[in-house]
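Summary of the model geometry
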Amino acid sequence: MMNVQREEIRIRQRRGIWANRDFLKFWTGQSLSMVGSQITLMALPLIAAITLNATPFQMGVLHAVEYAPFLLFGLLAGVWVDRWPKKILLVISDFGRAALLITIPLLAWFDSLNIFYVCLISFLTGILTTFYSIAYQSALPYMLKNNELIDGNAKMEFSRSVAGVSGPGFAGVMVQWMTGAFSIILNSISFLISGFLTSTITVNEPEQRKDRQSRLSVWEDMGKGLSLVFTSRYLRSIAACSATFNFFYNMIQAVLILYATRVLEFSPVTIGLVMTLGSIGAVLSAILSNRLVGKFGFGPVITGSAFCQGIGFLFLIGATGSKGVAFGMMFASMFIVSFATTVYNIAQLSFRQSITEPEMLGRMNATMRFVVWGVIPIGALTGGALGTWIGLYMTIIVAIIGGILSFLWVFWSPVRSVTAGKVHME
C-alpha cells in the first residue's frame, strides 16, 4: 500500500500543474471568458465608431471608463479580497458581468442603444473586473505551489494570448456580418461558464483572522498595502514602469480604431485581422516566458521585456501612406509589443507573488492595479483630447516617445539584478 501511495505521489509530481484539477477548471473558465472579453473589447469601440458615430473625445471617454474603477475602487477591492473568501468574489464577479453585458444586445434589439449607455455598462463591468482581477491573482498562490507560480501565470497569459489572437478577428467578422452589439452575447455566455466552473473549485485559504480585522479599519488596511508597495524598491519600480507604459499605450489605444477606420480606411475585418496577427507574438511569449525566466532570472527578463515594449512602439511611425505598408507596420508593432508585454507580465507578476506574504497578496495586487491600471483612464482621456486637438497621427507619435522611456524605471533599480524569486524586502 505504501509503495502504491509513493508511486501516486511521484506521478503527481511528474505531472506538476496538470494534476491540479482545481487549477485546470479555473484555467478553463478563465480562458473562455478571456475569448469573450476580447470580442467585447473589439466590438464596443467599433459600435461607438461606426454605429454611434463617436467623436475622438467620446472614444477616449469610452476607453477610460472601462478602467476608471481600478483608480476609484482598486484599493478598497484589495481590502475586501484579503478579508473575504476569494472564490465567492470570483463567482459573483463573473455572474454580475454576464448580467450587465447582456443588456447591450437587448437595447440594440429595441434600437435604444446610445454612447452614454455603452459607457455606463463599461464602467459597471469594470468595477466587477477590478474585484475579479485582484481576487484571481491573489487566489493563485493558494491553488499552486510556489515553484508552480510561473507556470500557472504563463498558462493564464497563454490563454489571454490565444484570446487576443482569436477574439479581434472573430469580432471584426461579427461586427461586419451582424452587429457589434449581438457579438457581445458570446462574452456574456463565457462569463456564465467561467462562474459555474469557478464555483466548483477549492481555494485552500487560511481561516480569516477576525480579531485582527475588527481592529483594523478599511483605511488602515489600504495604508498597509500602499506602504508595502511604495517602501519596496522592487515593487515601486515595477509599478512605475508598468504605469508609464500603460499611460502612453492607452493614449494610442484611445485613437487607434478611429485612425484605422477614418484615416487608413480599414474595414472592421481588416482591423480584426491585423490585431489577430499581431497577437501571435503574445502566444509565442506565453510559451517561452517560463524558459526565459529560468535561464536569465527575473530581473533581466523584466528589464529586457520592458525595453522591447518601447521598441515595438516605433513601428507605428510607419503606419501611414498605402494600406499595405500601414498594415505591415501595425502588424510588426503589435507583434513585438504583445510578445514583450506578455513576457513582462508573467515575469513581474510571478516575482511579486513570490516575494509577498500571503496575507498581503490582495492589498499588494490591489495597490499595483490602482497605480498601474489607474493611469489607463487618464491616458485614454489624454489620447482622446490630443486626438481632437493635434490630430490622430500626431497623438500616436507623442505616445510613442513617452512609451519608449518606460523601461528606465526598472533599469535604474535593484530589479535589474534579481536572478532568484526570494529577495530581501526593505
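Residues numbered from 1 in each chain as written. Predicted model: local features only at pLDDT ≥ 70, side-chain atom pairs only at ≥ 80, totals over all residues. Heavy atoms only, no water.

1. Regarding the overall build of the chain
Quick note on the threshold: Each helix corresponds to a stretch of at least 4 residues labelled H or I by DSSP, and each strand to a stretch of at least 2 residues labelled E; elements are numbered beginning at the N terminus. Only protein chains enter the area calculation, which uses a 1.4 Å probe; residues under 20% of their type maximum are buried, those over 50% are exposed, and those in between are partly exposed. Any pair of residues with heavy atoms lying within 4.5 Å of one another is described as a contacting pair. Reported accessibility uses the Shrake-Rupley method at a 1.4 Å probe radius. Residues are deemed covered only where the shown protein chains occlude them.
What the chain contains, in helices and strands, is 19 helices and zero strands. By residue count, 55% of the 426 residues in the chain fall in the buried class. A sequence separation of at least 24 residues applies to 88% of the contacts in the chain between residues at least 6 apart. Total accessible area computed for the chain in this model is approximately 18200 Å², and 68% of it derives from carbon and sulfur atoms.

2. A closer look at the packing of helix H17 (residues 375–389) against helix H18 (residues 392–404)
Note the cut-off: Axes here mean lines fitted to C-alpha atoms, for a helix over just the part in contact, with angles spanning 0 to 180 degrees between N-to-C directions. An angle counts as roughly parallel when it lies under 35 degrees, as roughly antiparallel when it exceeds 145, as roughly perpendicular when it falls between 65 and 115, and as oblique in every other case. Crossing handedness is read from the near helix: turned anticlockwise from the far helix by less than a right angle, it gives a left-handed crossing, and turned clockwise, a right-handed one. Each residue is assigned to one class: nonpolar for Ala, Val, Leu, Ile, Met, Phe, Trp, Tyr, Cys and Pro, charged for Asp, Glu, Lys and Arg, and polar for all the others, Gly among them.
It is the contact of H17 with H18, at a shortest axis distance of 7 Å, that shows an interaxial angle of 135 degrees. By the criterion of interaxial angle, the relationship of H17 to H18 is oblique. Along this stretch, H17 crosses H18, giving a crossing that reads as right-handed. Touching Gly383, Leu386 and Gly387 of H17 are Leu392, Thr395 and Val398, all from H18. Broken down by class, the residue content of the contact of H17 with H18 amounts to three nonpolar, three polar and no charged.

3. What to know about the confidence of the model for the chain
Rules: Scored between 0 and 100, pLDDT is the confidence that the predictor attaches to each residue.
Model confidence for the chain is summarised by a mean pLDDT of 82, while 87% of its residues fall at 70 or above. Confidence, read as mean pLDDT per element, is least for helix H1 (residues 2–15) in the chain (44) and greatest for helix H19 (residues 408–411) (96). Note on residues 209–215: pLDDT under 50 across the span, and eight contacts to partners over four residues away in sequence or across chains.

4. Some details on the nonpolar core
The nonpolar side chains of a soluble globular protein tend to be buried with one another. Using the following cut-off: Note on terminology: a nonpolar core comprises buried Ala, Val, Leu, Ile, Met, Phe, Trp, Tyr and Cys residues joined through side-chain atoms within 4.5 Å.
In this structure, Ile271 and Met330 are the most contacted members of the largest nonpolar core, which totals 51 residues. For this core, the leading source of residues is helix H11 (residues 233–263), giving eleven residues. Beyond its immediate sequence surroundings of up to four residues, Met330 is in contact with Leu256, Leu264, Phe266, Val274, Leu316 and Ala319. Of all hydrophobic cores here, the second largest spans 29 residues; its members include Ile150, Tyr234, Cys241 and Tyr344.

5. Considerations on a nonpolar patch on the surface
In plain terms, the rule: Like charges within 9 Å and nonpolar side chains (Val, Leu, Ile, Met, Phe, Trp, Tyr) within 5 Å are joined into patches, using only residues over 30% in relative accessible area that form no salt bridge. Each reported salt bridge corresponds to a side-chain nitrogen of Lys or Arg within 4 Å of a carboxyl oxygen of Asp or Glu.
Together, Leu32, Leu186, Ile189 and Ile193 line one region of the surface with nonpolar side chains, adding up to about 300 Å² of accessible area. In terms of residue count, helix H8 (residues 180–199) provides more of the nonpolar patch than any other element does, three residues in total. Of note, Leu32 is situated in helix H2 (residues 21–51). You can call Leu32 partly exposed: its relative accessible area is 38%.

6. Points about the environment of Ser31
Along the chain, the position of Ser31 falls in helix H2. Each C-alpha atom, one on Ser31 and one on Ala163, is 7.5 Å from the other, the two residues being 132 residues apart in sequence.

7. What to know about unusual backbone geometry
Note: most residues except glycine have negative phi, and most peptide bonds are trans. Here the phi dihedral of Asp111 falls at roughly 60 degrees; this positive angle occurs in a residue that is not glycine. Mapped onto the elements, Asp111 comes out in the loop between helix H5 (103–109) and helix H6 (115–143). A residue is classified by how much of its surface remains accessible, and Asp111, at 71% relative accessible area, is exposed. A positive phi is found at Glu265, a non-glycine position, where the angle reads about 60 degrees. The residue Glu265 is located in the loop between H11 and helix H12 (268–278) in this model.

8. Considering the packing of helix H3 (residues 56–83) against H17
Between H3 and H17, the shortest axis-to-axis distance is 7 Å and the interhelical angle comes to 170 degrees. In terms of their interaxial angle, H3 and H17 are classed as roughly antiparallel. Residues Pro56, Phe57, Gly60, Val61, His63, Ala64, Tyr67, Ala68 and Leu71 of H3 pack against Ile376, Pro377, Ile378, Ala380, Leu381, Gly384, Ala385, Gly387 and Thr388 of H17. Broken down by class, the residue content of the contact of H3 with H17 amounts to 13 nonpolar, five polar and no charged.

9. Side note on the pattern of salt bridges
This model, assessed by the stated rule, comprises three salt bridges. Asp82 is the partner of Arg363 in a salt bridge, and the nearest nitrogen-oxygen pair spans 2.7 Å. Of this pair, Arg363 sits in helix H16 (residues 361–372) while Asp82 sits in helix H3, and the two are 281 residues apart along the sequence. Assigned by exposure class, Arg363 and Asp82 land together as buried. With a shortest N-O distance of 2.9 Å, Asp94 and Arg97 are connected by a salt bridge. Of this pair, Asp94 and Arg97 are both found in helix H4 (residues 86–101), three residues apart, which corresponds to roughly one turn of the helix. Across this residue pair, the class does not change: Asp94 and Arg97 are buried.

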